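Coordinates in review
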Amino acid sequence: MNIDHLCQVDELVVDGEHSVKDFESIPGGSAANTIYGLARLGLKTGFVGAIGADKYGKALIDDLKTAAVDTSQIRIKKAETGSTICISDKLGRRAIYVSPGANNLLSSSDIDLAYLNQAQMVHLSSFADDRQLKLQVASVKKLKDSVRVSLAPGMIYVTKGLKALAPLFKRTQVVFMNREEIERLTGIDFNAGARELVKSGCRIVVVTLGKGLAKGKAGMVTAYIRDGEKEYEVVSEKAGRKSPLETTGAGDAFAAGLLFGLLKGKRIEECGLLGNIAAGFAIKKVGARTGLPTLSQLSQEYLKRSGHRL
């Protein structure tokens, strides 16, 4: 759980100086964004995590409550609430720096396994400290077989390597990564990397491709999905507008849309479309949560794109 300090600049600089066009502090955190997105779509959700006893911690709690997320499992620690500095330029490039704060103090005594075992799915994202990775591994091993697990490891976990993440992958139904992350983790291109992760135990591997790969007149391939049998491409409609200036949280929104589809029993290709639609809404506004769709908005766009009711 983080407060995201968003800085928009004309260009990213190295060993230089540049002015900031816009600055804003808003609620964030990868898993928290996805849970918020699922709650916006009407699912019953809860969040397990840690905040500090400060104004930012209160802001994070209050924001989750606006989406009816159960916050009873969020613990308050004697530390500063986690925060990030997210710098993005007009080309959509980003640099994110994380100060974990209270997140690093989440411990086994804070995890109510009975609470987690009530869930249809438990969604995980990364922590900066190795102790919380071990805590996640220990926790998922104790989940009932009926509880599905999804994982968005992010670059922080990717840098720990395949061996460190293997225990999570073995229990994961769906893993979300971007192209840079999966290619760095596996050392091969994203298509082959997805096949390797399926072999490691993940049932579904989702790779988001940022601005996408050209797909002729059909649009852009913005995500690649692989399961044990087939591969799928998620194609976006041709955009008639300029690229957004700030895309923080687009991957979290994609995860929310896709997981919504999985929990509703949709086919993988339908889930990919739902993820694409949710991300499309999210990037229209600055910040990870501001543009996340309601169920009505998602349903209308799904009908328009697929010709079917949600």
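Coordinates for the structure precede this section.
All of these numbers come straight from a predicted model, not from anything done at the bench.

Some thoughts on the environment of S25
Considering the arrangement of structural elements, one finds S25 in strand β2 (residues 22–28). For the pair S25 and C7, spaced 18 residues apart in sequence, the C-alpha separation works out to 9.0 Å. The residues touching S25, leaving out its near neighbours within four places in the chain, are I3, D4 and H5. Only 2.6 Å separates the side chain of S25 from the side chain of H5, close enough to count as a polar contact.

Side note on the packing of helix α7 (residues 179–186) against helix α8 (residues 190–199)
Orientation of α7 relative to α8, taken along the N-to-C sense of each, is 65 degrees, at an axis distance of 9 Å. Overall, the two elements α7 and α8 adopt an arrangement that is roughly perpendicular. The hand of the α7/α8 crossing is left-handed. Judged by residue contacts, R179, I182, E183, L185 and T186 of α7 engage F190, G193, A194 and L197 from α8. Split into classes, the residues belonging to the contact of α7 with α8 amount to five nonpolar, two polar and two charged.

Considering the packing of aromatic side chains
Inspection of the entire model under this criterion finds one aromatic pair. In this structure, K284 is placed above the aromatic ring of F281, and the distance from its NZ or CZ to the ring centre is 5.1 Å.

Observations concerning helix α4 (residues 130–141)
For α4, with 12 residues, the first-to-last C-alpha span of 17 Å sits near the 16 Å given by 1.5 Å per residue. Turning to α4, its buried residues are Q132, L133, L135, Q136, V137, S139 and V140. If you follow the buried residues of α4, they end up packed against α3 (113–116), β7 (121–125), β8 (148–152), α5 (154–158) and α6 (162–169). Where α4 begins, one side-chain oxygen reaches toward the backbone nitrogen of R131, 2.8 Å away; that side chain belongs to D129.

Quick word on the pattern of salt bridges
Summed over the entire model, instances satisfying the criterion amount to 11 salt bridges. Linking D63 and R289 is a salt bridge whose minimum nitrogen-to-oxygen distance equals 2.7 Å. On the criterion of sequence distance, the pair formed by D63 in helix α2 (residues 55–66) and R289 in the loop between α10 (268–282) and α11 (295–306) is long-range, its members being 226 residues apart. With respect to burial, D63 and R289 carry one shared label: buried. Residues R93 and D89 are paired through a salt bridge, measuring 2.7 Å at the closest nitrogen-oxygen approach. Among the residues examined, R93 registers a relative accessible area of 41% and is labelled partly exposed. A relative accessible area of 1% places D89 in the buried class. Via salt bridges that share partners, R267, E269 and E270 belong to a single interconnected network.

Cut-offs applied
Residues numbered from 1 in each chain as written. Predicted model: local features only at pLDDT ≥ 70, side-chain atom pairs only at ≥ 80, totals over all residues. Heavy atoms only, no water. Helix = DSSP H or I, 4+ residues; strand = E, 2+ residues; numbered from the N terminus. Contact = heavy atoms within 4.5 Å. Polar contact = N/O pair within 3.5 Å; in protein donor to acceptor, adjacent residues only side chain to side chain. Axes fitted to C-alpha atoms, helices over the stretch in contact; angles between N-to-C directions. Parallel < 35°, antiparallel > 145°, perpendicular 65-115°, else oblique. Left-handed = near helix turned anticlockwise from the far one by under 90°. Nonpolar A, V, L, I, M, F, W, Y, C, P; charged D, E, K, R; others polar. Phe/Tyr/Trp six-rings, centres within 6.5 Å; stacked < 30°, edge-to-face > 60°. Lys NZ or Arg CZ within 6 Å of the ring centre and 35° of its normal. Expected span 1.5 Å × (residues − 1). Buried < 20%, exposed > 50% of the residue type's maximum accessible area, 1.4 Å probe, protein only. Salt bridge = Lys/Arg side-chain N within 4 Å of Asp/Glu carboxyl O.

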